[in-house]
Every structure is written in C-alpha cells, then in structure tokens.
Amino acid sequence: MKIITFGTFDMFHIGHLNILERAKELGSSLTVGVSSDALNFNKKSRNPICHERDRMRIVSALKCVDEVFLEESLELKAEYITKFQADCLVMGDDWQGRFDHLSELCKVIYLPRTPAISTTQLIEVVKSE
Ligand code: C2G
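Throughout this document, residue positions are counted from 1 along each chain, in the order its sequence is written. The predicted origin of the model limits local features to residues at a pLDDT of at least 70 and limits the giving and counting of side-chain atom pairs to 80 or more, whereas totals for whole chains, interfaces and linings rest on all residues. To get the side-chain values, take all heavy atoms of the structure and skip hydrogens and water.

Description of the UniProt feature "domain: Cytidyltransferase-like" (unreviewed entry) in the protein chain
- UniProt positions are given in the numbering used here, feature names are shortened, and annotations may be inferred rather than shown by experiment. UniProt marks residues 4-124 with the feature "domain: Cytidyltransferase-like" (unreviewed entry), using the numbering shown here.
- For helices the rule is a DSSP run of H or I covering at least 4 residues; for strands it is a run of E covering at least 2, with both sets numbered from the N terminus onward. With 35% helix and 21% strand, residues 4-124 has its two end C-alpha atoms placed 30 Å apart.

Written as structure tokens, this is what we have:
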C-alpha cells in the first residue's frame with residue numbers, strides 16, 4: 001500500500017519523525033508533501049524558520065521516506081493523491097475530520113500526535129532563552 005502524508009516539518013523534531021515512521025509502517029512506501037514557504041505563510045501568517053528547500057532535503061534524507069514533493073496548496077490534496085497513486089492518506093489527529101471527503105479516493109487515517117512538542121513551542125523556548 002502506498003502512503004501519502006503532508007506537513008511543513010519546520011525545525012524538524014521528534015513529533016515529525018514519529019508520525020513519518022508510523023505512517024511508513026502502515027504501507028510499503030511513503031510519499032511526503034512538504035508545504036511550500038508560500039503555503040505556510042498563508043496558513044500561519046509567518047515564514048517558516050527553515051527554507052522549503054532545506055525542509056525537503058531533511059525529510060528526503062529519512063530512511064522511512066521514499067519520495068518527497070512540494071505541496072503548493074492545501075486544496076490540491078485530491079490531485080496529489082491521484083498523481084502519486086496513493087492508497088492511503090495519513091495525517092496527525094490535529095487534522096481529525098478535515099480530510100474525510102478524500103475517502104472517496106483513498107483510505108484516510110489520522111494518527112495521534114506526539115504530546116508536548118511542536119514547532120511553535122520550540123520557537124517560544126528559544127525566544128525565552
Ligand atoms: N505532528 C505530530 N506530533 C507533533 C507535531 C506534529 O504528529 N507533536 C504531525 C502533524 O499532525 C502533521 C505532521 O506532524 O501530520 C506535520 O506537522 P506540521 O509540520 O505542523 O504540519 P502542518 O503545518 O500541520 O501542515 O496539508 C497539510 C499541511 O501541510 C500540514
């Protein structure tokens with residue numbers, strides 16, 4: 001089964017690694033859409049700390065990841081699922097229910113987030129040092 005997932009993966013941390021490893025365990029290959037800097041700016045009204053090219057390189061270097069592409073819009077998930085012939089979409093449960101409509105195209109699974117870690121929290125910790 002071919003798995004697809006999406007994320008910004010800014011300031012890559014253990015929560016990111018956990019979800020990618022768990023996603024890969026559900027299938028035979030893992031394709032990851034890394035959100036572009038522009039998409040991230042629209043979503044969070046700030047630029048990511050790490051450039052999209054670097055975030056893509058980090059995710060590509062992981063053993064559990066087979067294929068990486070740049071996610072240019074949140075609205076293009078159906079197109080990406082079709083293009084990469086994914087059988088299953090995996091997302092963290094902060095997105096619970098948001099992609100249920102895609103179950104017409106492929107299986108949709110939400111995995112529990114790793115508690116107590118996020119990019120936002122890391123930024124706050126660094127700022128307060
Ligand atoms: N995640 C997790 N545990 C954390 C933090 C993140 O499991 N403690 C998961 C998220 O649920 C998501 C993935 O890691 O599935 C990537 O998280 P982000 O980089 O925060 O991605 P996001 O900004 O939610 O972008 O099209 C969807 C977006 O691209 C997702």
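Still more to cover.
Considering the site of the ligand
- It suffices for a single heavy atom of a residue to lie within 4 Å of a molecule or strand for the residue to be listed as near it. Of all residues adjacent to the ligand, which total 21 residues, the nearest are Ser35, Glu71, Lys77, Asp94 and Ile117.
- Contact between the ligand and Asp94: an oxygen atom at 2.6 Å from a side-chain N or O atom of the residue.
- A distance of 3.0 Å separates an oxygen atom of the ligand from a polar side-chain atom of Trp95.
- Surface accessibility in these figures is a Shrake-Rupley result with a 1.4 Å probe; residues are shielded only by whichever protein chains are displayed. For the ligand, the accessible surface in isolation is 640 Å², of which the surrounding protein chains cover 96%.
- Secondary structure elements with two or more residues in the shell around the ligand: strand S1 (2-7), helix H1 (14-25), helix H2 (37-44) and strand S4 (88-92). In protein, a polar contact requires one atom able to donate a hydrogen and another able to accept it; more generally it is a pair of N or O atoms within 3.5 Å, and residues adjacent in sequence count only if both atoms are side-chain atoms.

Things to note about the nonpolar core
- What we call a nonpolar core is a set of buried Ala, Val, Leu, Ile, Met, Phe, Trp, Tyr and Cys residues that are connected through their side-chain atoms within 4.5 Å. Working definition: with a 1.4 Å probe on protein chains only, accessible area under 20% of the residue-type maximum means buried, over 50% means exposed, and in between means partly exposed. Membership of the largest hydrophobic core comes to 15 residues, with the highest contact counts inside it found for Leu20, Leu30, Val32, Val59 and Val65.
- Any two residues whose heavy atoms approach within 4.5 Å are treated as being in contact. Setting aside residues no more than four positions away along its own chain, Leu20 makes contact with Thr5, Phe9, Phe12, Leu30, Val32, Val59, Leu62, Cys64 and Val65.
- Ile4, Phe69, Ala86 and Met91 belong to the second-largest nonpolar core, a separate cluster that totals 14 residues.

Points about unusual backbone geometry
- If you check the backbone angles, Ser45 has positive phi at about 55 degrees while not being a glycine.
- What makes Ser45 exposed here is its relative accessible area of 59%.

Things to note about H1
- Multiplying 1.5 Å by the helix residue count minus one yields the expected span of that helix. Along its 12 residues, H1 runs 16 Å from first to last C-alpha, staying within 8% of the 16 Å computed at 1.5 Å per residue.
- Those residues of H1 that fall on the buried side of the exposure criterion are Gly15, His16, Ile19, Leu20, Ala23 and Lys24. Looking straight down H1, one finds that the buried residues subtend no more than 165 degrees of arc, so they occupy a single side.
- Buried residues along H1 sit against S1, strand S2 (29-35), helix H3 (52-60), S4, strand S5 (107-111) and helix H5 (119-128). Arc definition: it is the arc formed by the directions from the helix axis to the C-beta atoms.

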